[in-house]
Amino acid sequence: MAGVTAETTSTRSQELIDLEERWGAPNYHPLPVVVERAEGVWLYDVDGNRYLDCLSAYSAVNQGHAHPRILQTMVEQAHRVTLTSRAFRNDQLPLFYQELATLCGMEMVLPMNTGAEAVETAIKAARRYGYELKGIEQDRAEIIVCENNFHGRTTTIVGFSSDEAYREGFGPFTPGFVTIPFGDIEALRSAINPNTCGFLFEPIQCEAGINIPADGYVREALELCRRENVLSIADEIQTGLGRTGKLFACDHEDSRPDLYVLGKALSGGFYPVSAVVGPRRVLELFRPGSHGSTYGGNPLGCAVARSALAVLQDEGLVKRSAELGEWLLGKLRDELHHPAIKDIRGRGMLIGIELDVPARPFCEALQERRVLCKETHDHVIRFAPPLVVEREDLEFAIEQVREVFATA
Ligand SMILES: *Cc1c(COP(=O)(O)O)cnc(C)c1O
């Protein structure tokens, strides 16, 4: 299969790629497309080619690129005030708290910027909970995590990753984490002991390859945590806010964790905004001096996030994700038949095509056909277009995927 080679890359984009490689740390391996503009579901490269975005910046732009309403909020707020730090109060933060907590059916919010910071915040919350409410002896608290997890890139978080590429050369790592297989309720049961303060999990493992646990797993895990007085922490940074056809992936099992960890689509792709959302009895354990961030809770981010949440609700994007996602999954299953395809699975607009060969060449071939996907975990092609996508656009994508498999 032909990849994208130098002859299909223009001089202009090649110059920019060369500059990037020359001056930037090589911690990513992006597709060779240089985007200069985006609108809705479309990305435009420096040569004026138009691509259908089927990644949505890892589900950060569920609302579509440059959503006009969020854009307007951002510009207006930028003219008023962008950053106060938490040394002072601002007029956006309280409304952001109220609106996000209400949407989540929770009592309190703690705002940060990136997803990894929100995960770190949840880890701190779980440990405080362990010491102050559960009476765990000092420095003995344990948090249970799952194999093949992805929770971000800080040293603490990569320390409990099972992916050697994330960890190699970055130790020594933070102790206090116990790893169990994902989707195994008995493993969770036997890992819990009196020192367990939290269970951190993704309701669907996205980076690991769209791993969907068996029906009932999330509900049983959350019930078990409740019985055992263990704080359940759902990392819904990627699965949350409509991506899987429900507001949260946990909603598929009508269950609610103690803490939601949110990021990505919380700001519709405009600005880094993340948050931990949960009950008062846990989040009130943070007191002045115990945690913070210069930009966390800034008025620009809060205004943008309020707008991004309003768009999600006012445009019915969650329902849209469920309906279009089900249709897309059905179409892909009906129309794609190739010996390299092991499985096609998904929930809402989060769909993975698992191959028994590397997925990268397929993503490169799709790029040539103006559809941008990114492989995850080497063997899975992920489809996660913005939730504002139209059926005709998905038909275009399906046609390109079919062609790529027909010639592979
Ligand atoms: C993206 C992601 C993170 C990390 O978010 P960053 O903003 O990149 O730090 C954590 N958990 C999950 C499930 C994610 O998808």
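Keep in mind the model is a prediction, meaning the values are calculated, not measured. (Residues numbered from 1 in each chain as written. Predicted model: local features only at pLDDT ≥ 70, side-chain atom pairs only at ≥ 80, totals over all residues. Heavy atoms only, no water.)

Describe unusual backbone geometry, listing the residues and the values that go with them.
Cis geometry marks the peptide bond from G171 to P172, where omega comes out at 0 degrees. Its location among the elements puts P172 in the loop between helix 7 (164-167) and strand 6 (177-180). Positive phi, close to 60 degrees, is recorded for S56, a residue that is not glycine. By secondary structure assignment, the location of S56 is in helix 2 (residues 56-59). On the basis of relative accessibility, which here comes to 0%, the residue S56 falls in the buried class. One non-glycine residue, S59, lies in positive phi territory at about 75 degrees. For S59, the position within the fold is in helix 2. A relative accessible area of 1% means that S59 is categorised as buried. (Helix = DSSP H or I, 4+ residues; strand = E, 2+ residues; numbered from the N terminus. Buried < 20%, exposed > 50% of the residue type's maximum accessible area, 1.4 Å probe, protein only.)

Tell me about the sheet that holds strand 2 (residues 42-45), and please be specific about residues and values.
By way of backbone hydrogen bonds, the strands of a sheet pair with one another, either parallel or antiparallel. Strand order across the open sheet formed by 4 strands is 1-2-3-13, with mixed pairing between neighbours. Where the open sheet ends on each side, the last strands, each with one partner, are strand 1 (35-39) and strand 13 (371-372). In this structure, strand 2 lies alongside strand 3 (residues 50-53), joined through 3 bridges in antiparallel fashion. Bridge pairing in strand 3 links W42 to L52. (Pairing = 2+ DSSP bridges.)

Lay out the environment of A308 in plain terms, naming residues and giving numbers.
With respect to the helices and strands, the residue A308 is situated in helix 11 (residues 299-314). Each C-alpha atom, one on A308 and one on V401, is 30 Å from the other, the two residues being 93 residues apart in sequence. Setting aside residues up to four positions removed in sequence, A308 forms contacts with Q63, I70, A265, L266, S267 and G268. (Contact = heavy atoms within 4.5 Å.)

Could you give me a rundown of the packing of aromatic side chains, with the residues and numbers involved?
Under the counting rule described, the total for this entry stands at 7 aromatic pairs. Taking 5.7 Å as the distance between ring centres and 75 degrees as the angle between the ring planes, the aromatic pair formed by F182 and Y217 counts as edge-to-face. With F182 in the loop between strand 6 and helix 8 (185-191) and Y217 in helix 9 (residues 217-228), this residue pair connects regions lying 35 residues apart in the sequence. Just as F182 is buried, Y217 falls in that class too. Judged by centre distance (3.9 Å) and plane angle (20 degrees), the rings of F248 and Y260 are stacked. Of the two residues, F248 is situated in the loop between strand 8 (231-235) and strand 9 (259-262) and Y260 in strand 9; the sequence distance between them amounts to 12 residues. Both residues of the pair, F248 and Y260, belong to the buried class. When the ring centre of W42 is taken as origin, the NZ or CZ atom of R50, which lies over that ring, is 3.5 Å away. Its end group placed over the ring of W327, R391 keeps NZ or CZ at 4.7 Å from the ring centre. (Phe/Tyr/Trp six-rings, centres within 6.5 Å; stacked < 30°, edge-to-face > 60°. Lys NZ or Arg CZ within 6 Å of the ring centre and 35° of its normal.)

An account of the site of the ligand is needed here, citing residue identities and associated values.
Neighbouring the ligand are T114, G115, A116, F150, H151, G152, E202, D235, I237, Q238 and K264. G115 is positioned such that a nitrogen or oxygen atom in its backbone is 2.8 Å from an oxygen atom of the ligand. The side chain of Q238 places a nitrogen or oxygen atom 2.7 Å from an oxygen atom of the ligand. Taking 380 Å² as the accessible area of the ligand by itself, protein coverage stands at 80%. Residues belonging to the shell around the ligand are distributed by class as follows: 3 nonpolar, 5 polar and 3 charged. (Near = heavy atom within 4 Å. Polar contact = N/O pair within 3.5 Å; in protein donor to acceptor, adjacent residues only side chain to side chain. Areas by Shrake-Rupley, 256 points an atom, 1.4 Å probe, with all protein chains shown as cover. Nonpolar A, V, L, I, M, F, W, Y, C, P; charged D, E, K, R; others polar.)

Explain the side chain of E207 to me, and be specific about the residues and the numbers.
Within the secondary structure, E207 sits in the loop between strand 7 (196-201) and helix 9. There is a polar contact of 3.0 Å between the side chain of E207 and the side chain of Q238. For E207, the contacting residues outside a window of four places in its chain are Y58, F150, Q238, T376, H377 and R382.

Which residues make up the sheet that holds strand 9, and what are the values?
With respect to topology, 7 strands assemble into an open sheet ordered 4-10-9-8-7-5-6, the strand pairing being mixed. Of all strands in the sheet, those bounded by a partner on one side alone are strand 4 (108-112) and strand 6. The sheet shows a mean angle of 20 degrees between the axes of neighbouring strands, taken without regard to direction. Inspection of the sheet shows strand 4 paired to strand 10 (residues 274-278) by 5 bridges, in the antiparallel sense. By the bridge assignment, P111 is partnered in strand 10 with A275. Most of the contacts of helix 9 go to strand 7, to which it runs at about 165 degrees, and overall it touches strand 5 (142-146), strand 7 and strand 8. (Axes fitted to C-alpha atoms, helices over the stretch in contact; angles between N-to-C directions.)

Report on the domain arrangement of the protein chain, specifying residues and quantitative values.
As far as domains go, the protein chain holds domain 1 (1-54 + 319-328 + 357-365 + 374-408) and domain 2 (68-314). Relative placement of domain 1 and domain 2: their C-alpha centres are 28 Å apart. Domain 1 puts 10 residues into the contact, and the matching count from domain 2 is 11 residues. Carbon and sulfur atoms make up 48% of the surface buried where domain 1 meets domain 2, a total of about 820 Å² over both sides. For domain 1, the biggest contributors to the area lost against domain 2 are H377, R382 and L387; these three give 50% of the whole. The tally of links from domain 1 across to domain 2 stands at 1 salt bridge. A salt bridge links R382 to E207; its shortest N-O distance comes to 2.8 Å. There are 7 residue pairs in polar contact (both at pLDDT 80 or more) connecting domain 1 and domain 2. Mapped onto the side of domain 1 that touches domain 2, the elements with two or more residues apiece are helix 12 (317-335) and strand 15 (380-383). Across the side of domain 1 that touches domain 2, the residue classes break down as 6 nonpolar, 3 polar and 1 charged. (Domains from an automatic or database assignment. Buried area = accessible area lost by both parts, 1.4 Å probe. Salt bridge = Lys/Arg side-chain N within 4 Å of Asp/Glu carboxyl O.)

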